[in-house]
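A closer look at the structure
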Amino acid sequence: MNGIFCSKASSSNEEYKKVIRFRMRIFCIMFLVGAVTFLGTLFIMFRFSSMLSDYQSGVYTGVGCGLMGGAVALWIKNKMLLGNEEKLKKSRLASSDERNIEISQKAMRIAAMALIVALYLVGIVGGFFYPVLIKVLLFLVCIFLLVYVVAFKMIDKKM
C-alpha cells in the first residue's frame, strides 16, 4: 500500500529521486508545523494557563509531537531509500504500478464519499444539539465540493 498522497509515476530512478527529495522537503515543513504547534501550546500553557483545558493542551501537544515524530521517521526512511538503489527501484516500480494507482484512486473516492456523508449526517443530526455544527460541517462539505470543481477544471485544462 502506497501513501495516500504518494502516487507519482516516474520513468527512471533519477526522476524518482527528485520526487523523494521533494517529499523530504515536505517532511521538513511538516516537522516545522509540528514544532510550532507543540511550542505554541507550551507557551500558551505556561503563559496563559487558564486559556486551555488539560484535555486541549494534551491534544495540541500530542498533535505537535505526532507531526514531528512522523516527519522525522518518514524523512529517515526516504533518506535510507535514496542510499539504496535496489530498494529505490522497487519503491519506484510499486509507486508507478498502474494497478496500485487505480486502487489508490478508488479508495480515495470511497473515503471522500464516506467523509462527505459523515460530515453531512453529523451536521444535520448534531445540529439539533449544537446548532453551530450545521454551519461548520455543511460549510466544510461546500469547501470540499468547491475545491473538487476547481481542481477538476484546472486539471482538465492541463490534460
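Structure first, text after, so check above.
Bear in mind the structure is a predicted one, so any value in this text is a computation, not a measurement.

A short note on the overall build of the chain
Looking only at helices and strands, the chain has five helices and zero strands in total. Along the chain, helices and strands appear, N-terminal first, in the series α-α-α-α-α. Over its C-alpha trace the chain gives a radius of gyration of 20 Å, far above what one expects of a compact globule, namely 15 Å for 159 residues. Dimensions of the chain, computed from C-alpha atoms along their principal axes, come out at roughly 55 × 40 × 25 Å. Taking all 159 residues of the chain together, the buried fraction comes to 21%. Sequence separation of 24 or more characterises 60% of the internal contacts of the chain that already satisfy a separation of 6 or more. Counting every atom, the chain has about 12100 Å² of accessible surface; 72% of that belongs to carbon and sulfur. Averaged over its 20 positive side-chain charges, the chain has a centre that lies 5 Å from the centre of its 9 negative ones.

So, the packing of helix H1 (residues 13-47) against helix H3 (residues 85-96)
For the pair H1 and H3, interaxial distance at closest approach is 10 Å and the crossing angle is 85°. Our classification of the angle between H1 and H3 gives roughly perpendicular. Mapping the contact onto sequence places Asn13, Tyr16, Lys17 and Ile20 in H1 and Glu85, Leu88, Lys89, Ser91, Arg92 and Ser95 in H3.

Comments concerning the environment of leucine 137
Tracing the backbone through its elements, the reader meets leucine 137 in helix H5 (residues 132-158). Take leucine 137: its relative accessible area is 12%, and that puts it in the buried class. When the C-alpha atoms of leucine 137 and tyrosine 55 are compared, they prove to be 23 Å apart, with 82 residues separating the residues in sequence. Each residue touching leucine 137, except ones within four places of it in the same chain, is listed here: Leu119, Val122 and Gly123.

With respect to a positive patch on the surface
There is a patch of like positive charges on the surface, built from Lys18, Arg21, Arg25 and Lys79. It is H1 that contributes the most residues to the positive patch, three residues altogether. Tracing the sequence through the fold places arginine 25 in helix H1.

Looking at the environment of leucine 145
Note on placement: leucine 145 falls in helix H5. Sequence-wise, leucine 145 and isoleucine 116 are 29 residues apart; in three dimensions their C-alpha atoms are separated by 9.2 Å.

What to know about the nonpolar core
Ranked by size, the top nonpolar core spans seven residues in total: Tyr16, Val19, Ile20, Met24, Leu81, Leu82 and Leu88. Counting residues per element, the ones that place at least two in this core are H1 and helix H2 (54-83).

Quick notes on the packing of aromatic side chains
The full count for this structure, using the stated rule, is two aromatic pairs. Ring geometry for phenylalanine 43 against phenylalanine 48: centres 6.3 Å apart, planes inclined by 85°, an arrangement best described as edge-to-face. Exposure remark for phenylalanine 48: the relative accessible area of 41% places this residue in the partly exposed category. Ring plane angle 35° and centroid distance 6.2 Å describe the contact between tyrosine 148 and phenylalanine 152, whose orientation is recorded as tilted.

Calculation criteria
- Residues numbered from 1 in each chain as written.
- Predicted model: local features only at pLDDT ≥ 70, side-chain atom pairs only at ≥ 80, totals over all residues.
- Heavy atoms only, no water.
- Helix = DSSP H or I, 4+ residues; strand = E, 2+ residues; numbered from the N terminus.
- Rg over C-alpha atoms; globule rule 2.2 N^0.38 Å.
- Buried < 20%, exposed > 50% of the residue type's maximum accessible area, 1.4 Å probe, protein only.
- Contact = heavy atoms within 4.5 Å.
- Areas by Shrake-Rupley, 256 points an atom, 1.4 Å probe, with all protein chains shown as cover.
- Lys, Arg positive; Asp, Glu negative; His and termini not counted.
- Charge placed at Lys NZ, Arg CZ, Asp CG, Glu CD.
- Axes fitted to C-alpha atoms, helices over the stretch in contact; angles between N-to-C directions.
- Parallel < 35°, antiparallel > 145°, perpendicular 65-115°, else oblique.
- Patch = residues over 30% accessible without salt bridge, like charges linked within 9 Å, V, L, I, M, F, W, Y side chains within 5 Å.
- Salt bridge = Lys/Arg side-chain N within 4 Å of Asp/Glu carboxyl O.
- Core = buried A, V, L, I, M, F, W, Y, C linked by side-chain atoms within 4.5 Å.
- Phe/Tyr/Trp six-rings, centres within 6.5 Å; stacked < 30°, edge-to-face > 60°.

The analysis is restricted to geometry; functional conclusions fall outside its scope.
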